[in-house]
Amino acid sequence: MGKNPLLVFDDVSVRYAYDKVDVFTGLSFSLGYGERLLLEMPVQGGKTSVVKLLGGLILPYEGRIEYRGAPLAETPPADRNIAVIYTDFAIMRGSVRRNLEYPLRIRGYSDEAVNSAVKSLCGKYGFSGREKAAYLPPTDKLRLSLIRSEFRQVDLLVADDFMRNIPASSEGEARELIEEYISRKKCAFLELKNKNEY
């Protein structure tokens with residue numbers, strides 16, 4: 001890894017205010033630009049808490065987190081070039097089109113730009129746009145989750161136990177989707193998964 005890592009966790013501990021038990025303690029790692037890291041954690045061991053830390057939803061109880069060479073808290077969550085794949089792929093109700101429109105609209109794209117982008121994305125990735133997102137096969141849900149970040153810079157892709165809902169017969173295809181995304185975006189990849197699974 002180079003001198004300037006993208007992400008550093010230094011002796012980070014998480015404890016929720018309602019609980020006197022640490023979710024995890026002393027988590028330390030660094031991840032450079034374009035690098036990949038697999039963190040295997042126990043069930044209920046804090047995988048989603050790592051995602052919440054990166055998204056600014058919680059703060060560490062102890063320790064230090066740096067992103068792009070500065071304390072993570074100094075970069076507003078909206079300005080962090082971090083994309084997340086959740087266990088359930090965070091698919092919204094409604095159509096594939098709605099799932100693709102939403103991130104563009106919250107970023108201020110005009111109606112014309114949204115329509116053009118959604119049409120382009122659907123054509124490029126084999127969707128009509130009318131499909132009900134909730135009924136897509138798991139690998140298509142993963143594809144939809146990835147392409148929602150197509151029109152933004154991504155330095156880091158974080159996957160929160162994303163293989164849990166992928167059938168064994170589709171694991172190869174799911175990994176190919178991730179590899180293609182990482183290659184296209186030239187981003188780092190942090191995979192969080194349960195120990196002793198898959």
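Scroll up a little and you will see the structure.
Reading the values: rules and limits
Residues numbered from 1 in each chain as written. Predicted model: local features only at pLDDT ≥ 70, side-chain atom pairs only at ≥ 80, totals over all residues. Heavy atoms only, no water. Helix = DSSP H or I, 4+ residues; strand = E, 2+ residues; numbered from the N terminus. Buried < 20%, exposed > 50% of the residue type's maximum accessible area, 1.4 Å probe, protein only. Contact = heavy atoms within 4.5 Å. Pairing = 2+ DSSP bridges. Axes fitted to C-alpha atoms, helices over the stretch in contact; angles between N-to-C directions. Parallel < 35°, antiparallel > 145°, perpendicular 65-115°, else oblique. Left-handed = near helix turned anticlockwise from the far one by under 90°. Nonpolar A, V, L, I, M, F, W, Y, C, P; charged D, E, K, R; others polar. Salt bridge = Lys/Arg side-chain N within 4 Å of Asp/Glu carboxyl O. Phe/Tyr/Trp six-rings, centres within 6.5 Å; stacked < 30°, edge-to-face > 60°. Lys NZ or Arg CZ within 6 Å of the ring centre and 35° of its normal. Expected span 1.5 Å × (residues − 1). Arc of directions from axis to C-beta.

1. A look at the side chain of Ser95
Its location among the elements puts Ser95 in the loop between strand S6 (82–85) and helix H2 (96–106). Overall, the relative accessible area of 18% leaves Ser95 in the buried class.

2. Quick notes on the environment of Leu142
By secondary structure assignment, the location of Leu142 is in helix H4 (residues 138–147). Sequence separation between Leu142 and Ile91 is 51 residues; the distance between their C-alpha atoms is 9.1 Å. Those residues in contact with Leu142 that sit more than four places away from it in its chain are Ile85, Phe89, Phe162, Ala174, Leu177 and Ile178.

3. Here's the deal with the pairing of strand S2 (residues 22–31)
As paired strands, strand S1 (residues 7–15) and S2 are joined by six bridges and run antiparallel to one another. Residue pairing in the sheet places Arg15 in a bridge with Asp22 of S2. Between the antiparallel neighbours S1 and S2 lie six residues.

4. Some details on the packing of H2 against helix H3 (residues 111–125)
The N-to-C vectors of H2 and H3 enclose an angle of 135°; their axes lie 10 Å apart at closest approach. By the angle class used here, H2 and H3 are oblique. The two elements H2 and H3 cross, and the hand of that crossing is right-handed. Residue-level inspection shows Val96, Arg97, Leu100, Glu101, Leu104 and Arg105 of H2 in contact with H3, the latter providing Asp111, Val114, Asn115, Ala117, Val118, Leu121 and Cys122. Here the contact of H2 with H3 is built from residues that sort into eight nonpolar, one polar and four charged.

5. Section: the sheet that holds S1
Strand pairs in the sheet, formed through backbone hydrogen bonds, run parallel or antiparallel to each other. The antiparallel open sheet is built from four strands, whose spatial order is S2-S1-S4-S5. Of all strands in the sheet, those bounded by a partner on one side alone are S2 and strand S5 (70–71).

6. Comments concerning the pattern of salt bridges
By the definition in use, this model includes 16 salt bridges. A salt bridge links Glu101 to Arg97, with the nearest nitrogen and oxygen atoms 2.9 Å apart. Of this pair, Glu101 and Arg97 are both found in helix H2, four residues apart, which corresponds to roughly one turn of the helix. You can call Glu101 buried: its relative accessible area is 15%. Between Asp161 and Arg164 there is a salt bridge, and its shortest N-O distance comes to 3.0 Å.

7. With respect to the packing of aromatic side chains
Per the counting criterion, the structure on display carries three aromatic pairs. Taking the centre distance of 5.5 Å and the plane angle of 15° together, the rings of Tyr16 and Tyr18 count as stacked. A cation sits over an aromatic face here: Arg15 above Tyr61, 4.3 Å from the ring centre.

8. Overview of helix H5 (residues 171–185)
With 15 residues, H5 ought to run about 21 Å at 1.5 Å a step, and its terminal C-alpha atoms sit 21 Å apart, in line with that. Residues of H5 that are buried: Ala174, Leu177, Ile178, Tyr181, Ile182 and Lys185. Along the long axis of H5, the arc covered by the buried residues comes to 130°, so they all point the same way. Along its buried surface, H5 packs onto strand S3 (36–41), S6, H4, strand S7 (156–160) and strand S8 (188–194). Of the residues one or two after H5, Lys186 is the one with positive phi, at around 55°.

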